[in-house]
Amino acid sequence: GQQLNQSPQSMFIQEGEDVSMNCTSSSIFNTWLWYKQDPGEGPVLLIALYKAGELTSNGRLTAQFGITRKDSFLNISASIPSDVGIYFCAGQLWETSGSRLTFGEGTQLTVNP
Amino acid sequence: DTEVTQTPKHLVMGMTNKKSLKCEQHMGHRAMYWYKQKAKKPPELMFVYSYEKLSINESVPSRFSPECPNSSLLNLHLHALQPEDSALYLCASSQDRVRGPGYTFGSGTRLTVV
């Protein structure tokens, strides 16, 4: 099956620093998504990318869909303590049987005040 | 309403019990999903319902039985589970095969099998 390689696995940063994480895949996806998950909660959608090469921002977050449709990165600028959590990339593939979402392994972000 | 609501939030059950997890959405989404998530791991797809019909079953054991009574509701019936089935069970919905805001996830049911 499809696999997404997400890196880094974890990051420890100081408040105010910028953060970058990325995902690569051997397969092409129709859509790339970035989610954040807090403990005991479901993943919350941060950014959705639909076109190859697309660069999208959401406040302090910026993400890009790679031109080959096989990779994506997420940047967080000027991190704050509430950015703590697990960030997942996810590739969405539309098939005749339905839509399938495949997740990366996640990046655990810790922000020190 | 832009939420996916899951009940119960927590569930403890014995290996001989029968229980059900419930999921509800009123966003008009026509695809609904069950995912299983172990601690510090990504969600893993279990089932996909598209237009109220089961379209994907990721080789899930028969002790997990999904049901989609209508376009807003999704159930997961549990019977004779094993301790290793303890996990966070997430429900999600999406606009199937239409450009939209990705999947919307519920907060999950934390299941413990004893």
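Residues numbered from 1 in each chain as written. Chains lettered and ligands numbered in written order. Predicted model: local features only at pLDDT ≥ 70, side-chain atom pairs only at ≥ 80, totals over all residues. Heavy atoms only, no water.

Observations regarding the interface of chain B and chain A
In plain terms, the rule: Contact criterion: two residues are considered in contact whenever any of their non-hydrogen atoms come within 4.5 Å of each other. Computed with a 1.4 Å rolling probe, the buried area is the accessible surface lost when two parts are put together, summed over both parts. Salt bridge, as used here, is a side-chain nitrogen of Lys or Arg placed within 4 Å of a carboxyl oxygen of Asp or Glu.
Taken together, the 24 residues of chain B in the interface contact 23 residues of chain A. Interface area for chain B against chain A, summed over the two sides, is near 2100 Å², with a carbon-plus-sulfur share of 53%. Run the count over chain B and chain A and you get three salt bridges. Across the pair A:Glu105 and B:Lys41 runs a salt bridge, and its minimum N-O distance is 3.9 Å.

A few points about the pattern of salt bridges
The line we're drawing: A run of H or I in DSSP becomes a helix once it reaches four residues, and a run of E becomes a strand once it reaches two; helices and strands are each numbered from the N terminus. Working definition: with a 1.4 Å probe on protein chains only, accessible area under 20% of the residue-type maximum means buried, over 50% means exposed, and in between means partly exposed.
Per the counting criterion, the structure on display carries seven salt bridges over all chains. One salt bridge connects A:Glu41 with B:Lys9, and the closest N-O pair in it is separated by 4.0 Å. A residue pair is termed interchain when its members come from two chains, as with A:Glu41 in the loop between strand 4 (31-37) and strand 5 (44-49) and B:Lys9 in the loop between strand 1 (4-7) and strand 2 (10-13). By relative accessible area, which is 40% here, B:Lys9 ends up partly exposed. A salt bridge links A:Arg100 to B:Glu58; the nearest nitrogen and oxygen atoms lie 2.8 Å apart. Here the residue A:Arg100 occupies a position in strand 10 (residues 98-103), and B:Glu58 occupies one in the loop between strand 6 (53-57) and strand 7 (64-70), the pair thus bridging two chains.

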